[in-house]
Amino acid sequence: MPIRTASALWQGNLTEGSGTIRTGKGGLQGNYSFKSRFEEGEGTNPEELIGAAHAGCFSMAFSKALADAGTTPTSVETTAKVHLDKTDAGMTVTRIELDTVGEVPGIDEAQFAKLAETAKQNCPISRLLSPGAEITLTTRLTS
């Protein structure tokens, strides 16, 4: 398997500085700052990138689980809400809420939810993050 890379450039001090985050192959690039991370400023932040990675990984893992069960999805869309909280150890990602909506012919809600939970457990990004952060999952099946 290839090794994936990303980079970040930060210039200046913590509160007045700014930077750029870039994925290795140039697929994503974004500006970030203290305000975009800890307030409501323009730009991205590491937590949004973690959310994007988790949503993407989970959606792929869930799609595979559905196909392996004989119900290939028309679509799987996942949103990840990443909670960054102040703890005794400092700023920490404490919780990630995954919310997934799938259009999957020939499956019922119970099987859909069961396969989603399995995908959550088996997604490589979930496995990376679950020792330190609580990961919750809500599912919704559309027709």
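Residues numbered from 1 in each chain as written. Predicted model: local features only at pLDDT ≥ 70, side-chain atom pairs only at ≥ 80, totals over all residues. Heavy atoms only, no water.

Caption draft 1: Quick look at the packing of aromatic side chains. Inspection of every chain in the model, using the stated rule, returns 4 aromatic pairs. A centroid spacing of 5.5 Å and a plane angle of 35° characterise the contact between Phe-58 and Phe-62, whose relative ring orientation is tilted. Note that Phe-58 and Phe-62 are positioned in helix 2 (residues 46–68) at a spacing of 4 residues, about one turn of the helix. We classify Phe-58 as buried; its relative accessible area is 0%. On the basis of relative accessibility, which here comes to 0%, the residue Phe-62 falls in the buried class. Through pairs of rings, three or more aromatic residues link up here, namely Phe-58, Phe-62 and Phe-112. (Phe/Tyr/Trp six-rings, centres within 6.5 Å; stacked < 30°, edge-to-face > 60°. Helix = DSSP H or I, 4+ residues; strand = E, 2+ residues; numbered from the N terminus. Buried < 20%, exposed > 50% of the residue type's maximum accessible area, 1.4 Å probe, protein only.)

Caption draft 2: Inspection of the pairing of strand 4 (residues 75–87) at higher detail. Across 13 bridges, strand 4 lies against strand 5 (residues 90–103) in antiparallel orientation. From the neighbouring strand, His-83 faces strand 5, where its bridge partner is Arg-95. Here strand 4 folds back onto strand 5 in antiparallel fashion, the turn holding 2 residues. (Pairing = 2+ DSSP bridges.)

Caption draft 3: Quick look at the sheet that holds strand 2 (residues 18–23). Here 3 strands make up an open sheet; going across it, the order is 1-2-3 and the pairing antiparallel. A strand with exactly one partner marks an edge of an open sheet, and here the two such strands are strand 1 (6–11) and strand 3 (29–33). Direction aside, the axes of adjacent strands within the sheet are offset by 20° on average. Across 5 bridges, the pairing between strand 2 and strand 3 is antiparallel. Each bridged residue has a counterpart across the sheet, and for Thr-20 the counterpart in strand 3 is Asn-31. (Axes fitted to C-alpha atoms, helices over the stretch in contact; angles between N-to-C directions.)

Caption draft 4: A look at helix 2. Here helix 2 is 23 residues long and its end C-alpha atoms lie 33 Å apart, about the 33 Å a rise of 1.5 Å per residue gives. The elements touched by buried residues of helix 2 are helix 1 (34–38), strand 4, strand 5, helix 3 (109–122), helix 4 (124–129) and strand 6 (134–142). Looking one or two residues beyond helix 2, the residue adopting positive phi is Gly-70, at roughly 90°. (Expected span 1.5 Å × (residues − 1). Contact = heavy atoms within 4.5 Å.)

Caption draft 5: Looking closely at the side chain of Thr-44. Among the structural elements, Thr-44 can be located in the loop between helix 1 and helix 2. A relative accessible area of 13% means that Thr-44 is categorised as buried. At 2.7 Å, the side chain of Thr-44 forms a polar contact with the side chain of Glu-48. Not counting residues within four places of it along the chain, the set of residues in contact with Thr-44 comprises Ile-21, Gly-30, Asn-31, Tyr-32, Ser-33, Ser-36 and Leu-49. (Polar contact = N/O pair within 3.5 Å; in protein donor to acceptor, adjacent residues only side chain to side chain.)

Caption draft 6: Examining helix 3 more closely. Helix length check: helix 3, at 14 residues, gives a terminal C-alpha distance of 20 Å against a target of 20 Å (1.5 Å per residue), a fit within 8%. If you check which residues of helix 3 are buried, you get Phe-112, Leu-115, Ala-116, Ala-119 and Lys-120. All buried residues of helix 3 lie within an arc of 145° about the axis, which places them on one face of the element. Every exposed residue of helix 3 that faces more than 90 degrees away from the buried side is listed here: Ala-110 and Lys-114. Along its buried surface, helix 3 packs onto helix 2, strand 5, helix 4 and strand 6. At the N-terminal end of helix 3, a side-chain oxygen is found 3.3 Å from the backbone nitrogen of Ala-110, two or three residues along, and the residue is Asp-108. (Arc of directions from axis to C-beta.)

Don't take any of this as a statement about function, it's just geometry.
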